[in-house]
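Here are the chains, one letter per residue:
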Amino acid sequence: MDLQPLPQDFFARPATDVAPDLIGMLLVHEHPEGRMVGRVVETEAYTLHDPACHAWSLLDQETGAIRKEGRGAALFGPPGEAYVYLCYGMYWLLNAVTAPEGECGAALVRAVEPLEGVEQMRPRRSAARRTVDLTNGPGKLTQAFDIGEPQHGTMLTERPLFFAKPRKSQDVPLESSPRIGISRATKRKWRWTHAASPFVSR
DNA sequence: AGTATGATTTCCT
DNA sequence: GGAAATCATACTA
């Protein structure tokens, strides 16, 4: 099965368009120990004018001036760049920088359905009793796929870590809902899931 | 099945 | 100092 990375154009759009479009796409990691593939079943969008976004604090609400330093500055990177962030001091979360060139935004990958390389994922996720628990959360899937700080800043449009269109892309039933684990802007329904998939987070 | 808590690091209203 | 885009475990009922 040959899998080609999605082009940069795909990511050069608002996060609120890219995040739902990522549902059903394949997350591919060509790892030295073997290739892993997962189907994206849950994503969230973050944008500049979004109090829950890491870049929010960079924006001066009075003047509109942007201070591009600190953690959130990575969200101004080129479309398709990986923004890998350490959450709660323990877990790495995988985002794709998704915005028109020069703008700011991200799509967080929250859950995937493992398709290939499951046996490699298991030892990295020894706490997972069921296969579903390997990748049904943003911190879990990065453990399973061995994604961490080394992948921060890499391009998701190139090997070894990238998104790909499935050979047979089928229509995915989408559902949107409020984002998880945030306390601000909780009314925005910027979380998208593959409806009824058993692989979404709890 | 639901609720609470600890782990652990980085960045701040 | 405290919150944060989380997770596993240990409680309660």
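Scroll up for the structure.
What this report covers is the structure whose coordinates are included nearby. (Residues numbered from 1 in each chain as written. Chains lettered and ligands numbered in written order. Predicted model: local features only at pLDDT ≥ 70, side-chain atom pairs only at ≥ 80, totals over all residues. Heavy atoms only, no water.)

### Concerning the protein's contact with DNA strand B
The criterion, for reference: Only heavy atoms are used to decide nearness, and a residue is near a molecule or strand if one of them lies within 4 Å of it. Think of it as three bins: nonpolar holds Ala, Val, Leu, Ile, Met, Phe, Trp, Tyr, Cys and Pro, charged holds Asp, Glu, Lys and Arg, and polar takes everything else, Gly as well.
Around DNA strand B, a shell composed of Ser57, Arg71, Leu86, Tyr88, Gly89 and Met90 is seen. At the protein interface, 61% of the atoms of DNA strand B within 4 Å belong to sugar or phosphate. Partitioning the surface near DNA strand B into residue classes produces three nonpolar, two polar and one charged.

### Notes on the protein's contact with DNA strand C
Cut-off, in case you're wondering: Contacts described as polar in this section are N or O atom pairs within 3.5 Å, which, within protein, must combine one atom able to donate a hydrogen with one able to accept it, while residues neighboring in sequence count only if both atoms come from side chains.
Neighbouring DNA strand C are 21 residues; Tyr91, Asn95, Arg125, Gly181 and Ser183 lie closest to it. Contact distances for DNA strand C include 2.2 Å between a base nitrogen and a side-chain N or O atom of Asn95. Within the contact set of DNA strand C, a phosphate oxygen lies 3.2 Å away from a backbone nitrogen or oxygen of Lys140. Considering only residue class, the surface near DNA strand C consists of twelve nonpolar, six polar and three charged.

### A few points about the layout of surface pockets
Heads up, the rule is: A cavity, in this analysis, means grid points on a 1 Å lattice covering only the protein atoms where a 1.4 Å probe fits yet has no way out; a pocket is instead an open set bounded by protein on both sides within 12 Å along at least five of seven lines, and a residue lines either one if it has an atom within 4 Å of a point. Grid points are joined across faces, edges and corners, and a volume is the space filled by probe spheres set on the points. Strands are runs of DSSP state E lasting at least two residues, helices are runs of H or I lasting at least four, and both sets are numbered from the N terminus onward.
One number sums up the size of the largest pocket: a volume of about 710 Å³. Taken together, 29 residues line the largest pocket, and the ones lying closest to its centre are Cys87, Tyr88, Leu93, Ile180 and Gly181. Among the elements of the structure, strand E2 (34-47), strand E3 (82-87), strand E4 (91-97), strand E5 (105-116) and helix H4 (138-144) are those that each provide at least two residues to the lining of the largest pocket. Here the residues of the lining of the largest pocket are counted per class, giving 16 nonpolar, eight polar and five charged. In this model, the second largest pocket occupies a volume close to 180 Å³. Its residues assigned to classes, the lining of the second largest pocket shows six nonpolar, three polar and five charged.

### Things to note about the pairing of E2
Note the threshold: Three labels apply to residues, based on accessible area from a 1.4 Å probe with only protein chains included: buried if under 20% of the type maximum, exposed if over 50%, partly exposed otherwise in between. What makes two strands pair is DSSP finding at least two bridges between them.
With twelve of its 14 residues buried, E2 lies for the most part within the structure. Across six bridges, strand E1 (residues 26-31) lies against E2 in antiparallel orientation. Opposite Leu27, over in E2, you have Gly38 as the bridge partner. Note that E2 and strand E8 (residues 191-194) share three bridges and pair antiparallel. Within the sheet, the bridge partner assigned to Thr43 lies in E8 and is Trp192.

### Things to note about the nonpolar core
For the record, the criterion: Residues grouped as a nonpolar core are buried Ala, Val, Leu, Ile, Met, Phe, Trp, Tyr and Cys residues, joined through side-chain atoms within 4.5 Å. Should any heavy atoms of two residues lie within 4.5 Å, those residues are considered in contact.
Counting 33 residues, the largest nonpolar core has Leu27, Phe145 and Phe163 as the members making the most contacts within it. Each residue touching Phe145, except ones within four places of it in the same chain, is listed here: Leu27, His29, Met36, Val37, Gly38, Val112, Met121, Arg124 and Thr135. Counting 18 residues, the second largest nonpolar core, distinct from the first, contains Tyr46, Phe76, Ala106 and Leu108.

### A few points about the pattern of salt bridges
Threshold: By convention in these notes, a salt bridge is any Lys or Arg side-chain nitrogen within 4 Å of a carboxyl oxygen on Asp or Glu.
Applying the stated criterion to the full structure yields 13 salt bridges. One salt bridge in this structure joins Arg13 and Asp21, with 2.9 Å as the shortest N-O distance. Ionic contacts of the salt-bridge type, sharing partners, join the residues Glu42, Glu44, Arg110 and Arg191 into one network.

### Here we look at the environment of Arg67
Tracing the backbone through its elements, the reader meets Arg67 in the loop between E2 and E3. Judged by relative accessible area, Arg67 falls into the partly exposed class, the value being 41%. Residues Arg67 and Asp17 lie 50 residues apart in sequence; the distance between their C-alpha atoms is 25 Å.

### With respect to the packing of aromatic side chains
This is how the line gets drawn: Between 30 and 60 degrees the pair is tilted, below 30 it is stacked and above 60 it is edge-to-face, where a pair is any two Phe, Tyr or Trp rings, Trp via its six-membered ring, whose centres lie within 6.5 Å. Charge over a ring is defined by NZ of Lys or CZ of Arg lying within 6 Å of the ring centre and within 35 degrees of the ring normal.
Evaluated as defined, the whole model comprises three aromatic pairs. Both rings, one in Phe11 and one in Phe163, keep their centres 6.1 Å apart while their planes meet at 45°; by these two values the pair is tilted. Within this pair, whereas Phe11 is found in helix H1 (residues 8-11), its partner Phe163 is found in strand E6 (residues 161-164), the two being separated by 152 residues in sequence. Overall, Phe11 belongs to the buried group, its relative accessible area being 0%. The exposure class of Phe163 is buried, given its relative accessible area of 0%. For the ring pair Tyr83 and Tyr85, a centre distance of 6.3 Å and an interplane angle of 15° mean the geometry is stacked. Take Tyr83: its relative accessible area is 3%, and that puts it in the buried class. Linked through ring pairs, Phe10, Phe11 and Phe163 together constitute an aromatic cluster. The ring of Phe10 has Arg13 sitting right over it, with the charged end atom 4.9 Å from the ring centre. In this arrangement the basic side chain of Arg188 is found over the ring face of Trp190, its NZ or CZ atom lying 4.9 Å from the centre.

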